[in-house]
Amino acid sequence: MQKATITSGITAQRISKTITFYKNESKAASMLQQNGPKPLLLLLPWLGSQPHAVDKYREIYFRQGFDVLTVESEPSHFLWPRWGLDYGAQVLELLQSDSFVSRPLLLHAFSIGGYTFSQMMVHISKNAQQYKSVTDRIKGQIYDSLVIGSVERMATGVGKMVLPNVEGLLRKGTLLYFSVLKGYTVDYYNVAIDMFWNNPPQTPALFFYCENDPLSDHMEVERLLKSWHLRGINVVGKGWKDSLHAGHLRKHPQEYLATLHQFLQSLSMTPLKAKM
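Thresholds applied
- Residues numbered from 1 in each chain as written.
- Predicted model: local features only at pLDDT ≥ 70, side-chain atom pairs only at ≥ 80, totals over all residues.
- Heavy atoms only, no water.
- 1 Å grid on protein atoms, 1.4 Å probe; cavity = no way out; pocket = protein on both sides within 12 Å on 5 of 7 lines; lining within 4 Å.
- Points joined across faces, edges and corners; volume = space filled by probe spheres on them.
- Helix = DSSP H or I, 4+ residues; strand = E, 2+ residues; numbered from the N terminus.
- Nonpolar A, V, L, I, M, F, W, Y, C, P; charged D, E, K, R; others polar.
- Buried < 20%, exposed > 50% of the residue type's maximum accessible area, 1.4 Å probe, protein only.

It is not clear to me how the layout of surface pockets should be interpreted in this structure. Could you clarify?
In this approach a probe as big as a water molecule rolls over the atoms, and the regions it shows empty are the leftover space. Here the second largest pocket is characterised by a volume of approximately 240 Å³. As for the second largest pocket, its lining consists of 14 residues, and the residues nearest its centre are Ile124, Thr135, Pro200, Pro201 and Gln202. Among the secondary structure elements, those contributing two or more residues to the lining of the second largest pocket are helix H5 (113-126) and helix H6 (132-135). In terms of residues, the lining of the second largest pocket owes the most to one element, H5, which gives four residues. Partitioning the lining of the second largest pocket into residue classes produces seven nonpolar, five polar and two charged.

Spelled out as structure tokens, the structure:
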């Protein structure tokens, strides 16, 4: 496992091709650690995300004193869900390893990163006792541009994020692939999506979304918010009429940061004077 100092007080450790741990030894991290084990952010970026774009979010949490575990998704995790399930199990085992087993957890998932987390939830639902040490440590969950709605929206998402120049062709190809291999794809997606509706983590949640997102049906997001609220989950939604898929921070930086800061303060996971 390779380690590298990427900026003052931050060390990156590559755990695998798609998983990187960022250790924070800044002043903010020292302050946070005075109250017990340092919180760990589980960051699940969007498909095809570029490091410089994800860095903007990591830096927000570095300033709060968090360590960050970045778990990237690959097209294969989505196109062949059994591999996605295996990947979810791998992440869960990592969160139970000696390095992370005592850490309070915060989830921040973008776009199809939410699907990766749903694959983890499939394992948790089947082996609740085995993964109790993970679920008990999840203090909050944040979803940005959650891909939700029909299988067609998922196919559109694959096209836009993997090969945007041939988006339409890839979308049609993906839908054909789904129909031919329904038992190996769509049926698995339905189980994963069902986790969000019927077996969500019982911890406070924040959703960022917009009405003009082609990959995320804002009416479905709002229906999900109501469903979670009825389950007794403290859920907050921040929506915009016009914004960008997985780009709300870029489009509405002040509102995004203020909403995120308020949510983190409500979880008592950050120093009161920490800046976003």
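Is there a simple way to think about the environment of Val191 in this case?
Looking at the element boundaries, Val191 is found in helix H9 (residues 186-198). Taking relative accessible area as the criterion, Val191 reaches 41% and is therefore assigned partly exposed. For the pair Val191 and Val122, spaced 69 residues apart in the sequence, the C-alpha separation amounts to 7.6 Å.

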